[in-house]
Each structure stands twice: as C-alpha cells, then as structure tokens.
Amino acid sequence: MEIIKKWLLDWFKKNALIDEKIVEASLNEDYFEKGWLDSFKFITFILDIEQEFGIRFANDEFQNKEFSTIAGLCNIIASRKNEKK
Amino acid sequence: MINVKEHLENIFSKNSSKVFVTSVFSGVEYTYDDIQLDSLRLATRLRLLGVKNGDVVAIYLSNCVEYIIIYFACMHVGATVVPLNYRLHPTEIQFILEGAMPHVLFRARNFTQEFDCCVKHTITFVPNAKDGEEYSFFNWLQGIEPMVSPFEDLGVEDAFVVMYTSGTTGMPKGVEITCGALVKNGMVFKDAVELSPDFKFYNILDLAYLGGFYNLMLIPFLSQASIVLGETFDPRSMVYFWDHVKNHGVNALWLVPSILSILLAIDRSDAAADYCKKFMKRILVGTAPLASTLKEKFEKRYNVVLYENYGLSETLFITTNSPKDGKCKGVGRVLQGCEVVVVDVYGAECAPGREGEIIVKTPYRMKGYLGIHDCSLGNIDQGQDRFQTGDWGYIDEDGYLFITGRTKDIIIRGGINISPKQIEDVLLKHPVVEEVAVVGMPNDFLGEEIIACIRVRSVVAPQEIIRHCQQYLAAFKVPAKVVFVEQMPRSVTGKIQKGNLKKLLAEG
C-alpha cells in the first residue's frame, strides 16, 4: 500500500505539479474538487495507473466515490492487485 | 425571407406543452411554455431594474437551466448578453467586464471572486436550485406577472450576444453576433443536417460559448427538438457521460474532437456502443480539426457516422457534412447563402484541389468586435465583404472543403482557441525569461497542447515557470511543458519561425 501511495504522490508531483506535502496532506480530499486534474490529465492518470500496476478499471469503478481521493484510490488499486494474485 | 421574431414566437407557441429542457442536475423537465413564461417574468424583472434595449447583461454561471432563461429574457428586452467563461483567470474576466460595462450581472453564489467594475445590479443565486429552495433563482421570479411581450424589443440586427474568443493579439476579443444571424444561420444549418423535433441532444458544452449556447441550445430550439442539460464536460462528469445519455434517451450529440478521444479512452464496456447502434440518430463534430484516425476509431467503436462541420465565432457555420449526401468528406459543403473561396498568397482563387487561405463571404457574419469599430483588422476585406478565416485548405472537385492548416497563430486546445501571444506576454513578465515562443503541438486527446519554448538569462526550474503562469492565466492556458532553448529559429528578417520550432520539437 505504501508503494502505491508513493507512486501516486510522485505522479501528482510530476504531472500535476502539486507539491508532495500538499498532496500528502490531502489524501482523503477530492482531487477533482481541488482542480488538480483536467479531463486530459485524468485520462493520462488512469492510463499510467493501469500500466504501472497491470490492472484495467471498469466503468463503474470510475464512479466509485473512493476513486476521487488518493487514499480511496490506493485501496482500489491494492484490492485489484490482490484479485490478480 | 424569415421574420425572426415571429419565427421564434411561433416555435414557443407550437410546442407549448413539449419538454424543451431536462436538467440532469435536478431531474426537472421544463416545457417550452415553462421556459417562455419564466423568461418573460425575468424580462419583466429586468425592465424593473431599468434594462433597456442595448444594455448589457453579463452571466457568470456554470451550466444551468437559468442560463437558458436569461438568454431568452434578454431577447425579449433587446439586451446584449455577455456570457463569462467561469474558468477564465480573474484578470481576464475583469478585462471583459470593464469593456462590457454590464447593467446587470447574474452570478453563481459559489463563485466568490469579486470584480472591481461598475455593475448596476448583481443577482446572485444557487444554480439549479429548485423553486422554493434557498437562494433559488425561481424564488426571485415568484409573483411576477409578465408585462413584456415575447421578443418585444429584440433588435434582430443589433448585437445580441458578445462571445469572447482568443485572437492573435493577446487578450480575448468580443465578437458581436446578432440574433438575426444566429436564427438564419441556425435554420440553414439544421436543414442541412436534417434535424427534426424528435431529436434529443445532450448539452455538455459550456453555455458561455457558442458550442453550448448556439450548437446545443438555440439550434435544437430552432429544430423544435429538446435538450438534456448537463455539466460542462470535465473529469468528474465524463465518467457519467454515457449513463446520462442512456437514462435520458438522448439520440443526438454534438462533440468536439477532444471529447471523442477521451470517451474512447475511458469507456470500458460495450453498453454505450449497443445503445448508439439502436438509438443514436446524429453525432455532429466541430470547433477543432478532427483527425481521420480518430474519426474512424470512434465511428467503428460506436457504430455511428460523425458529421463534421466548420465555422468560426465571426462567421457562424460555413460548411457541414450532411446525411442527404450519403457520404462525408472533409468539413462538408458550403451552406446555403455562404460563399467560400480558397486563395493563394497573391489573392488569386485556387483551382479545385489546390491549397490556399480560406476566405468566406456570408450574410451571417458578426456585426464586429466589441469596442473596435474599424473593421479593417486584417481579417475583413470591407470592399468585397469577405472574411479571412486564417485557416488553410482546399475545395475538392465535388465542392467539399478540407482544412489542412492554419495561417493564424492560434492554438486550439480541446476545442477552445488560445492565443499564444497572451501566454508569451505572461512569460515575458518573469525576470529570467529573455525570449519566448509558445506553440501548439499535436496531442491525442486535446488536438493540441501548449508548449512554451523559452530562452532564459539564468537557470530556473520548469516548475517555477509553470507556477508563474498559474498566477496570471486560466488553468487551461498554462503550458503543459516548458522547453529551454539556446536560440530560436529565425527568418532573414529576424522573426521567430514557429513552424521550424515545431519541427524541432517534434524531432525531440
């Protein structure tokens, strides 16, 4: 889980140019509400996650409220990886 | 010859009990009668506030049914609407308000940014709040009996709406468009693409732009059709896109190429494709060039035909592909009443198949740019009433127009025009930036992405440059990437050659 979290923090720092400390302090906040990602960056975010962790999200997962926070996303990714095992 | 006022009034009276707008936000359905009645009540309110023919009404809202009511109310009293894109930087909105000097400003309660300008009356409410809910717009209309007749003071040849578009000169320019042009061009367009009252469009484009107001509100109105009004397409709304389409029985879409790309990337099931095959009647595409690979992919995936069209804020629709033709090529054929010629660098007309600049002559042309009364701006040839589009292309033997490039220095990102000069001016404010050239580079989703090439006096991190831009620019205008260069490619006269710069960037 820590590996997933670190990867997500790095991603936001590199791609959305959001300081790591700010992201870390907002793990349970809605990153859409914060305006960190536009539509294009969101697609890149999803595709990068899928490539990095070898998973593929389904449509209804995008609508899961957990998807819009970093903490929630960590849980989703972790559980998808566990399913694969 | 169409009588515009009568025509608009007849549409309302012929369709009184038909649903015109369904709000995705509240689930409420508004009939043509509801919209007309509320717009007449609002028009009465505006009169009581002293709004006269030609006065400006500004709108600072996200998509909501109230936006539509305000547009119609302004038609009734002959006011000029200045819609404000809420995503613009506050300095840009301030600039627009100072130029427009609105008599009334409608604003969303959650948009807390204050502006320093002389607005006589500001009306603040919670968009999409139902009648009776706190801060509902409809509470403000309660008890008002309409004392204005439909379209009573509409000046058909007066500026009805001022759409701000990025030009080549930096700050946005206000394009003054008459109601007469909108209605007549809209009628010609809807006939060309065979829209009819059984069409139901999903409006996910911003009502502050022609895409949301004209393409997806007024043209469906002129077609006596209906619309489902949703949020502007963004990361949150896009994951619900196909759900709303299916749940509301949408059978027509108008999309920009970047939305096509995003939908292809995010849609992981076949449900939407199955729906489209059974129910989708028409998908129109415009506002930015559509790559043929993207067109083929989308059409194949969703079992649809995409009808591409072409127009500008300054000219409204010029060409479209049509179901009547049985085939689609380029951006379609010239609409009735318009003329298109392609000219070479000497101004001579090109033969079919030869590329040149696209020049348009159209009766639906803008009135002018707000505050600029000298029309010899370099893009309007007053003597021959021709408009230089700044786009490059050719007309084939069958009369289909193809867009192949651009002569004007504009970036089109996600269907929105962006002025490189505006971004360059901001970058030059940074103390270490010596020289800058901002270009658009191809991007699979957005069409183009903004790249800033800069020559600096001393070392600086790219993030520092981006943060600087964020202070002065709307988020969608901040460069995606900063590239440091030792020198810029130049012509013999010393001008930066952006074309060569783009080639160098493409080579890496």
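Keep in mind the model is a prediction, meaning the values are calculated, not measured.

Caption draft 1: Structural detail: the domain arrangement of chain B. Residues and elements named next belong to chain B. Per the domain assignment, the segments making up chain B are domain 1 (4–232), domain 2 (334–407) and domain 3 (410–506). On a C-alpha basis, the centroid separation for the pair domain 1 and domain 2 is 30 Å. In this assembly, 18 residues from domain 1 lie in contact with nine residues from domain 2. Buried area between domain 1 and domain 2, both sides added, is near 1,200 Å², and the carbon and sulfur share of it is 69%. Among the residues of domain 1 in contact with domain 2, Lys173, Glu176 and Val188 are the three that bury the most area, contributing 42% of the side total. Inspection of the region where domain 1 meets domain 2 yields zero salt bridges.

Caption draft 2: Structural view of the interface of chain A and chain B. On the side of chain B, 21 residues touch chain A, which itself brings 19 residues to the contact. Buried surface at the junction of chain A and chain B, both sides included, amounts to about 1,800 Å², of which 60% is carbon and sulfur. At the boundary of chain A and chain B, one finds four salt bridges. Across the pair Arg236 of chain B and Glu33 of chain A runs a salt bridge, and its minimum N-O distance is 3.2 Å. At the boundary of chain A and chain B, one finds 10 residue pairs in polar contact (both at pLDDT 80 or more).

Caption draft 3: Structural detail: helix α3 (residues 65–77) of chain B. Residues and elements named next belong to chain B. Taking 1.5 Å of rise per residue, 13 residues should cover 18 Å, and α3 covers 19 Å from first to last C-alpha, within 8% of that figure. Summarising burial for α3: 13 of the 13 residues are buried, a large majority. Gly78 sits one or two positions beyond α3 and adopts a positive phi of about 75°.

Caption draft 4: Region of interest: the nonpolar core. In terms of nonpolar packing, the biggest core is built from 200 residues, with Tyr31 and Phe42 of chain A together with Phe106, Phe213, Trp242 and Phe298 of chain B touching the most fellow members. Here this core takes 11 residues from α3 of chain B, the largest share from any one element. Leaving out residues up to four positions away in the same chain, Phe213 of chain B has contacts with Tyr71, Phe160, Val161, Met163, Leu182, Asp206, Leu207 and Leu218 of chain B.

Caption draft 5: Fine view of the packing of aromatic side chains. In total, this model carries 48 aromatic pairs over all chains according to the counting rule given. Ring centres 4.6 Å apart and planes at 40° place the aromatic pair Phe298 of chain B and Tyr302 of chain B in the tilted group. Of this pair, Phe298 of chain B and Tyr302 of chain B both sit in helix α12 (residues 292–302), four residues apart, roughly one helical turn. On the accessibility criterion, Phe298 of chain B (0% relative accessible area) is buried. Feature note: the residues Trp11, Phe12, Tyr31, Phe32, Trp36, Phe42, Phe45, Phe57, Phe62 and Phe67 of chain A constitute an aromatic cluster, connected by ring pairs. Over the ring of Phe199 of chain B we find Lys281 of chain B; its NZ or CZ atom is 5.8 Å from the centre of that ring.

Caption draft 6: Representation of the environment of Ile96 of chain B. All names here are of chain B. Among the secondary structure elements, Ile96 is positioned in helix α4 (residues 90–100). Residue classification places Ile96 among the buried positions, given a relative accessible area of 1%. On a C-alpha basis, the gap between Ile96 and Met171 in space is 9.2 Å, while along the polypeptide they are 75 residues apart. Filtering out sequence-adjacent residues up to four positions away, Ile96 remains in contact with Val82, Leu84, Leu88 and Tyr164.

Caption draft 7: Inspection of the sheet that holds strand β26 (residues 481–484) of chain B at higher detail. Residues and elements named next belong to chain B. An order of β24-β25-β26 is seen for the three strands of this open sheet, with the pairing classed as mixed. A strand with exactly one partner marks an edge of an open sheet, and here the two such strands are β24 (433–443) and β26. Strand-to-strand, the axes of this sheet are offset by a mean angle of 30°, without reference to chain direction. Strands in contact with helix α13 (residues 420–427) are β24 and β25 (447–456); relative to β24, the strand with the most contacts, it is inclined by about 145°. Set on the sheet, helix α14 (residues 462–472) makes contact with β24, β25 and β26; between it and β26 the angle comes to about 125°.

The rules behind each value
- Residues numbered from 1 in each chain as written.
- Chains lettered and ligands numbered in written order.
- Predicted model: local features only at pLDDT ≥ 70, side-chain atom pairs only at ≥ 80, totals over all residues.
- Heavy atoms only, no water.
- Domains from an automatic or database assignment.
- Contact = heavy atoms within 4.5 Å.
- Buried area = accessible area lost by both parts, 1.4 Å probe.
- Salt bridge = Lys/Arg side-chain N within 4 Å of Asp/Glu carboxyl O.
- Polar contact = N/O pair within 3.5 Å; in protein donor to acceptor, adjacent residues only side chain to side chain.
- Helix = DSSP H or I, 4+ residues; strand = E, 2+ residues; numbered from the N terminus.
- Expected span 1.5 Å × (residues − 1).
- Buried < 20%, exposed > 50% of the residue type's maximum accessible area, 1.4 Å probe, protein only.
- Core = buried A, V, L, I, M, F, W, Y, C linked by side-chain atoms within 4.5 Å.
- Phe/Tyr/Trp six-rings, centres within 6.5 Å; stacked < 30°, edge-to-face > 60°.
- Lys NZ or Arg CZ within 6 Å of the ring centre and 35° of its normal.
- Pairing = 2+ DSSP bridges.
- Axes fitted to C-alpha atoms, helices over the stretch in contact; angles between N-to-C directions.

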